[in-house]
Amino acid sequence: MLSKRMPFYAGRLPILVALGLLVHAHAQTPPASPQSLFGTCLARIASLIEPAPDQEPRTVLGALRIREAAGMAEELAGRSADWAFQAPDRFRLSFRVGKESFALGRHGSELWILAPEKRFGVVGSPEVPRFLGKPDTLEETSLPPIRLPIPRAQLLLLPMAFEVGALPDATIDGTRCRVLEVKPRPQARQMFGLPAGTATLWVRPEDSLPVQIAVADDRGRRLVLGIEHLRIEPAHPDSAWDVPAATGPEVRKVALAHLTRFVPAALSILQIDLPPLPPPDGERRVVAGAGAGRLEEIDGTRVLFLKGSPEEMGRQHGELLRKGVHDLVAKVVYGIGVGSSFEKGRWFFGEIEECQARIEPFIDERYLREMDALAAAVDLHPQEIRLANFFPELFHCSGFAVWGQATADGRLYHGRVLDYMKGVGLEPNAVVIIHQPDEGHAWANVSYAGFVGSVTAMNEKRISLGEMGGRGEGNWDGKPMAQLVREVMEHASTLDEGLEIMRKGPRTCEYFYVLADGNSRRAVGIAATPDSFEIVEAGMAHPRLPHAVPDAVLLSAGDRYEQLVARVVRGYGRLDATGARALMDRPVAMKSNIHSVLFAPETLDFWVANADSVDIAAHARYTHYNLGDLLGRTAGTPLAQHGE
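To keep things clear, this report deals only with the structure shown in the data block.

## Re the environment of H414
- Position of H414 among the secondary structure elements: in strand 17 (residues 413-419).
- Note: C-alpha distance between H414 and V524 (110 residues apart in sequence) is 10 Å.
- Excluding its chain neighbours within four sequence positions, the residues that come into contact with H414 are F400, A401, S464, L465, G466, V514, A516, V597, L598 and F599.
- At 2.7 Å, the side chain of H414 and the side chain of S464 are in polar contact.

## Section: helix 7 (residues 322-344)
- End to end, helix 7 covers 31 Å across 23 residues, agreeing with the expected 33 Å (1.5 Å per residue, within 8%).
- Of all bends in helix 7, the biggest is about 25 degrees, found at K331.

## Quick word on the sheet that holds strand 1 (residues 58-70)
- Pairing is mixed across the open sheet formed by 12 strands, whose spatial order is 7-8-9-10-11-1-2-3-4-5-6-12. Taken across any chain shown, the strands that pair with only one partner, and hence form the sheet edges, are strand 7 (162-172) and strand 12 (250-255). The sheet shows a mean angle of 20 degrees between the axes of neighbouring strands, taken without regard to direction.
- Sheet analysis places strand 4 (residues 100-107) next to strand 5 (residues 110-115), joined by five bridges and oriented antiparallel. Among the inter-strand pairings, R106 is bridged to a residue of strand 5, identified as L111.
- The sheet strands contacting helix 5 (residues 256-269) are strand 5, strand 6 (120-125) and strand 12, and the helix crosses strand 12 at an angle near 90 degrees.

## Considering the pairing of strand 10 (residues 210-217)
- Of all eight residues making up strand 10, eight are buried, and the element is well covered by its neighbours.
- Looking at chain direction, strand 9 (residues 197-203) and strand 10 are connected through seven bridges and run antiparallel. Bridged to L201 within strand 10 is I213.
- As consecutive antiparallel partners, strand 9 and strand 10 are separated by six residues, and within that stretch S208 has a phi angle of approximately 65 degrees, a positive value.
- For strand 10 and strand 11 (residues 222-234), the ladder comprises five bridges, and the chain directions are antiparallel. Bridged to Q212 within strand 11 is G226.
- Turn length for the strand 10-strand 11 hairpin, with the two strands adjacent in sequence and antiparallel, is four residues, and the turn residue G220 shows positive phi of about 85 degrees.

## So, the packing of aromatic side chains
- Counting across every chain of the model gives 11 aromatic pairs.
- The interplanar angle of 45 degrees and the centroid separation of 6.3 Å between the aromatic rings of Y511 and Y513 together place this pair among those described as tilted.
- On the basis of relative accessible area, Y513 is assigned to the buried category, the value being 2%.
- The lysine or arginine in question, R92, covers the ring of W241, its NZ or CZ lying 5.0 Å from the ring centre.
- The ring of Y334 has R261 sitting right over it, with the charged end atom 5.6 Å from the ring centre.

## Description of the sheet that holds strand 23 (residues 522-528)
- Taking strand neighbours across the sheet as the criterion, the 10 strands line up as 13-14-15-18-19-20-21-22-23-24 in an open arrangement whose pairing is mixed. Of all the strands in the sheet, the pair left with one neighbour each is strand 13 (284-290) and strand 24 (533-536). Each strand of the sheet is rotated relative to its neighbour by a mean of 20 degrees, with strand direction disregarded.
- Sheet analysis places strand 22 (residues 511-517) next to strand 23, joined by seven bridges and oriented antiparallel. Residue pairing for strand 23: L515 is matched across the bridge by V524.

## Remarks on the packing of helix 7 against helix 8 (residues 348-359)
- Contact geometry of helix 7 with helix 8 gives a least axis separation of 8 Å together with a crossing angle of 105 degrees. On the basis of the axis angle, helix 7 is roughly perpendicular to helix 8. Only F348, F349 and E351 of helix 8 make contact with helix 7, whose side of the interface consists of V333, Y334, G337, V338, S340, S341 and K344.
- Of the residues that constitute the contact of helix 7 with helix 8, the class distribution is five nonpolar, three polar and two charged.

## Side note on unusual backbone geometry
- With an omega of 5 degrees, the peptide bond between A87 and P88 qualifies as cis.
- Tracing the sequence through the fold places P88 in the loop between strand 2 (80-86) and strand 3 (90-97).
- The phi dihedral of R521 is positive, around 50 degrees, even though this residue is not glycine.
- One can find R521 in the loop between strand 22 and strand 23.
- We note that L604 has phi near 65 degrees; this positive angle belongs to a residue other than glycine.
- Relative to the elements of secondary structure, L604 occurs in the loop between strand 26 (593-600) and strand 27 (605-610).

Cut-offs and rules
- Residues numbered from 1 in each chain as written.
- Predicted model: local features only at pLDDT ≥ 70, side-chain atom pairs only at ≥ 80, totals over all residues.
- Heavy atoms only, no water.
- Helix = DSSP H or I, 4+ residues; strand = E, 2+ residues; numbered from the N terminus.
- Contact = heavy atoms within 4.5 Å.
- Polar contact = N/O pair within 3.5 Å; in protein donor to acceptor, adjacent residues only side chain to side chain.
- Expected span 1.5 Å × (residues − 1).
- Bend = angle between axes of the 7 residues up to and from the residue.
- Pairing = 2+ DSSP bridges.
- Axes fitted to C-alpha atoms, helices over the stretch in contact; angles between N-to-C directions.
- Buried < 20%, exposed > 50% of the residue type's maximum accessible area, 1.4 Å probe, protein only.
- Phe/Tyr/Trp six-rings, centres within 6.5 Å; stacked < 30°, edge-to-face > 60°.
- Lys NZ or Arg CZ within 6 Å of the ring centre and 35° of its normal.
- Parallel < 35°, antiparallel > 145°, perpendicular 65-115°, else oblique.
- Nonpolar A, V, L, I, M, F, W, Y, C, P; charged D, E, K, R; others polar.

Now the structure itself:
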């Protein structure tokens, strides 16, 4: 997945400019001015996307090649896709990612996607319910005609909203082209919400066809698209738009609503723009309140306080983070989830709903009640919130604890590196959640909007826990890992109590954990599967962890483990909070590092870093919190009753 945002034109102007692919092929005398040439291109776009009633639709086809992607997803440079379009409701797109090919298309009310090498494909149908065994989720989904992003009359007036100038002529693919530079005027920027930027079009004088388009913003990012083999033909027959029969995959009928949600969710991932945090300013303020819950901003980060019964906490969560919950569900369930189907050759909803049927009997019903209350508060179907929370069970990091002789003052430091899906949409929804349930201990959850469970946490009893995913996907007859971590937080006051909760299970899949206790200055590593539970004590060698280091538990894999051990040995006896955080830098943290956390359970201090559009988490700014202060301090009067 991509970790950086496409330029601003990907939202609005690119729909207008990139549709310059679809211009008319009739030769004509070149326009006398850049402004009129730009207007001619837009007029022809309109005639192809929305032909006049007396005009026959035509098929436009060609190839699109990414020639440059500076300052964003450089790995896309050189990629290409073949495409075809015919008004009002037919298109086809095919491309390759690595050694795999993919195709998607629309024929009237039918939408299909294929992964030929996986012998897998889906066709969206409004006759299929969104969720298994829930006929009430049958949606009357329909596909509207493909239209221009703004009314035709406004499109024809659009050139007046832009400054259009001429650059020196240039040769592209052997063709001498006129070059237009297009900039939105201040009024257009305000009307369309466009930041500063420039589009450049290379246009063949003989027929006004663009052969290359570039878009750039004021942050140094630039995308150059080559338009190759562009041609306009008489309308293709109906059979040309059907699911290709020659590829031979087994095509499965799925809910059309899943596919219509997948496309915008996948595109939204390309538009993530999360700048690095500025230096901390010490400011803490209440942003909003809901019942006994509240949303605070601390040093530019969000901290969500939830308190009460499962229903109350779910409602508070939804009301205070409504926008983030919707965004996360869209990206995780419909973007990454549905998208993974074509990489794995298995339909995501079929797989995750099978997982759900097997794990739900083992989940504390209080957590299910909280999920359902959260769904109701944000107007989502309960299944969407539940499936988002079960998502980690389908997709399988580093952790350590040092203390005693290993640290400068003997204090226990527990580090947790989450290497998991950086760049797919979780980052903007990062939040520290302070849970104060009516039953059980209060605890801090380093999490994301919409998640009820946890993978990184510390409770008020000075117990901290972090996990690493392993193998065994499909072993789902037990408590899901994220809910098991939450049980430890709410019910364990000692390391031994935490071990007993985890040992009792039942557990799913294979996971590794570092469990630490600030009261006893003790930590252990845990290797757990549904059938085994192995404890790695401090200073103990293990076949997977061959280096025994006194007063240290070090969990990682491969070269990252070797680097972690070497860093601990070099700093042995001198490690403090700053040195312990540095243990998590690259290459111990992977390129997928989405959050890194250091706990000091004895004092309830913890430091959190979340990935942004520039840095992995371990290289981003850490924010310091203290769980005791967060639980004991009451901030000012809420500024609003509902969040975001």
